[in-house]
Amino acid sequence: MILSVQDREMLLAELNAEQRHYLSEQMVRSRRTVFANEMAREKGYHIPEHADPETIEVLLDDWLYTGYIDAGAVTPDLRCECGRPLRYQHHVTHKVTGEEKKFGIEHLKEHLGIDASIVTAIKQGFDAIDYELDEILIKIRSGWKPEPELLANPPASLPEEIRMHQKLGLPLLERHIRKLRQLRSEGLKPKILPPLPQATPPSGTGVSRREVKEKEKVDDLFSWFEETEEEPEQPGQQAEPVSAASAISVQSLPPYLQQKVESYVRDDVRSARVICELLIREHGASEARFATGKPMIYLPVCLYIERVFPDAKIERLYQDDRCYTV
């Protein structure tokens, strides 16, 4: 259900100042994330799902989304670059030149010169953000309450966004509820330690590369044995056996990339995945990736950060990324 402008404004007016401020900030931040995500993808970057706008914007050297104005209705007081009256006026700033542009979303392509498919993705992302605001307001109007067991004994890894909704007394979104159920389900699973890597089988034993990979593959952030986009073994062809140790040595970082990693960490680039993308696009690092999209240089980058910066702490840990604080 989509609220009318009048209903949305009426329900927002019923919130307290702290709730309204939080939702307003989240709307801008979410739009920044959508905009930066699509601009980065246009350049060929692979962005982890959890990445925040500050992290993604490190990869960009052109337009950054800075905010918008909602006049509540189309008005001549709010205009596009072309002079058209607007209700929503979106603001962007060029990262290098500092140039600012203000326009309606329909003229995004004309003013920024980006591909039509990217414009469509940005518009769809903005629409989804509006739907989430309406979901919150509709739940407030209906007196929605979460299932008591859903928030009983919350896990330590509870996302910050869910914590803020609880703190401010705002209803949870459906995606929050799915996340909570996932976390509860994972918390009920027994903890199983991954097996230690086995030694490389001696040559001539007839053990194939794929068989070794299956034995050594573990469901772990640092697993070297994700499925890679590689050519299948040919009939009668003996593949070279591989071990965890040999894989790591093959993927070690050359000295010139090591220097770049140190520079990015000192410049407060916290995401290992984003550092990998910068190394690939800006400094000629290998573009080889696992089937998941994770660069094969990812593990060497993490290992190097943790070796060179012994005080580095893992601020956030994801299946496909590590975010460090040094």
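Up top you'll find the structure we're talking about.
These notes cover the structure that comes with them. If you're wondering where the values come from, they're calculated on a predicted model, not measured in any experiment. (Residues numbered from 1 in each chain as written. Predicted model: local features only at pLDDT ≥ 70, side-chain atom pairs only at ≥ 80, totals over all residues. Heavy atoms only, no water.)

With that settled, consider the overall build of the chain. Scanning the chain for helices and strands turns up twelve helices and five strands. A burial count over the chain gives 41% of its 326 residues as buried. When contacts within the chain are restricted to residue pairs at least 6 apart in sequence, long-range pairs at least 24 apart make up 56% of them. When the accessible surface of the chain is split by element, carbon and sulfur atoms take 51% of a total near 18400 Å². (Helix = DSSP H or I, 4+ residues; strand = E, 2+ residues; numbered from the N terminus. Buried < 20%, exposed > 50% of the residue type's maximum accessible area, 1.4 Å probe, protein only. Contact = heavy atoms within 4.5 Å. Areas by Shrake-Rupley, 256 points an atom, 1.4 Å probe, with all protein chains shown as cover.)

Note on sheets: strands pair through backbone hydrogen bonds, and any given pair is parallel or antiparallel. Ordered in space as β1-β2-β3, the three strands form an open sheet in which the pairing is antiparallel. Sheet topology places β1 (63-79) and β3 (100-103) at the edges, where each strand pairs with a single neighbour. Shown here is a sheet whose adjacent strand axes are inclined to one another by a mean of 20 degrees, direction ignored. As judged from the four bridges shared by strand β2 (residues 85-94) and β3, these two strands associate in the antiparallel manner. Of the residues in β3, the one forming a bridge with threonine 93 is glutamate 100. (Pairing = 2+ DSSP bridges. Axes fitted to C-alpha atoms, helices over the stretch in contact; angles between N-to-C directions.)

Moving on, we get to the nonpolar core. One broad rule of soluble globular proteins: the nonpolar side chains tend to lie buried together. In this structure, Phe35, Leu108, Val261, Ile275, Leu279 and Ile305 are the most contacted members of the largest nonpolar core, which totals 63 residues. With sequence-adjacent residues up to four places away left out, isoleucine 305 is seen in contact with Val261, Val265, Ile275, Ala312 and Tyr324. Ranked by size, the runner-up nonpolar core spans six residues in total, among them Leu158, Leu172, Ile177 and Leu180. (Core = buried A, V, L, I, M, F, W, Y, C linked by side-chain atoms within 4.5 Å.)

Two faces, one strand: in a regular strand the side chains alternate between the faces of the sheet. The two faces of β3 differ: Lys101 and Phe103 on one face are buried, but Glu100 and Lys102 on the other face are not. Connecting β2 to the next strand, β3, in antiparallel fashion are five residues, including glycine 98 with a positive phi near 80 degrees.

Along the chain, histidine 176 turns up in helix α7 (residues 174-188). Those residues in contact with histidine 176 that lie beyond four places of it in its chain are Glu161, Ile162 and His165.

Turning next to the packing of aromatic side chains. The description of an aromatic ring pair rests on the distance of the ring centres and on the angle between the ring planes. Applying the stated criterion to the full structure yields three aromatic pairs. Aromatic side chains tyrosine 65 and phenylalanine 126 sit 5.4 Å apart centroid to centroid with 65 degrees between the ring planes, which places their arrangement in the edge-to-face category. Of this pair, tyrosine 65 sits in strand β1 while phenylalanine 126 sits in helix α5 (residues 116-142), and the two are 61 residues apart along the sequence. Residue tyrosine 65 shares its accessibility class with phenylalanine 126, and that shared class is buried. Through successive ring pairs, a cluster of aromatic residues spans Phe35, Tyr65 and Phe126. (Phe/Tyr/Trp six-rings, centres within 6.5 Å; stacked < 30°, edge-to-face > 60°.)

Overall, the coordinates contain zero disulfides when judged by the stated rule. In this structure cysteine 323 is not part of a disulfide, and its nearest cysteine sulfur, from cysteine 302, lies 9.7 Å away. (Disulfide = S-S within 2.5 Å.)

Moving on, we get to unusual backbone geometry. In the Ramachandran plot, aspartate 268 falls in the positive-phi region, its phi being about 70 degrees despite a non-glycine side chain. Here aspartate 268 shows up in the loop between α10 (255-266) and α11 (272-283). For aspartate 268, a relative accessible area of 49% gives the class partly exposed.

Take the pairing of strand β5 (residues 321-325) next. Of all five residues making up β5, four are buried, and the element is well covered by its neighbours. Pairing of strand β4 (residues 313-318) with β5 involves five bridges; the strand directions are antiparallel. In the strand pairing of β5, leucine 317 is matched with arginine 322. Remark: two residues form the turn of the hairpin made by β4 and β5, two consecutive strands paired antiparallel.

Its boundaries defined by the atoms lining it, the second largest pocket holds a volume of some 350 Å³. Counting residues per element, the lining of the second largest pocket draws most heavily on β2, at five residues. Its residues assigned to classes, the lining of the second largest pocket comprises seven nonpolar, two polar and seven charged. (1 Å grid on protein atoms, 1.4 Å probe; cavity = no way out; pocket = protein on both sides within 12 Å on 5 of 7 lines; lining within 4 Å. Points joined across faces, edges and corners; volume = space filled by probe spheres on them. Nonpolar A, V, L, I, M, F, W, Y, C, P; charged D, E, K, R; others polar.)

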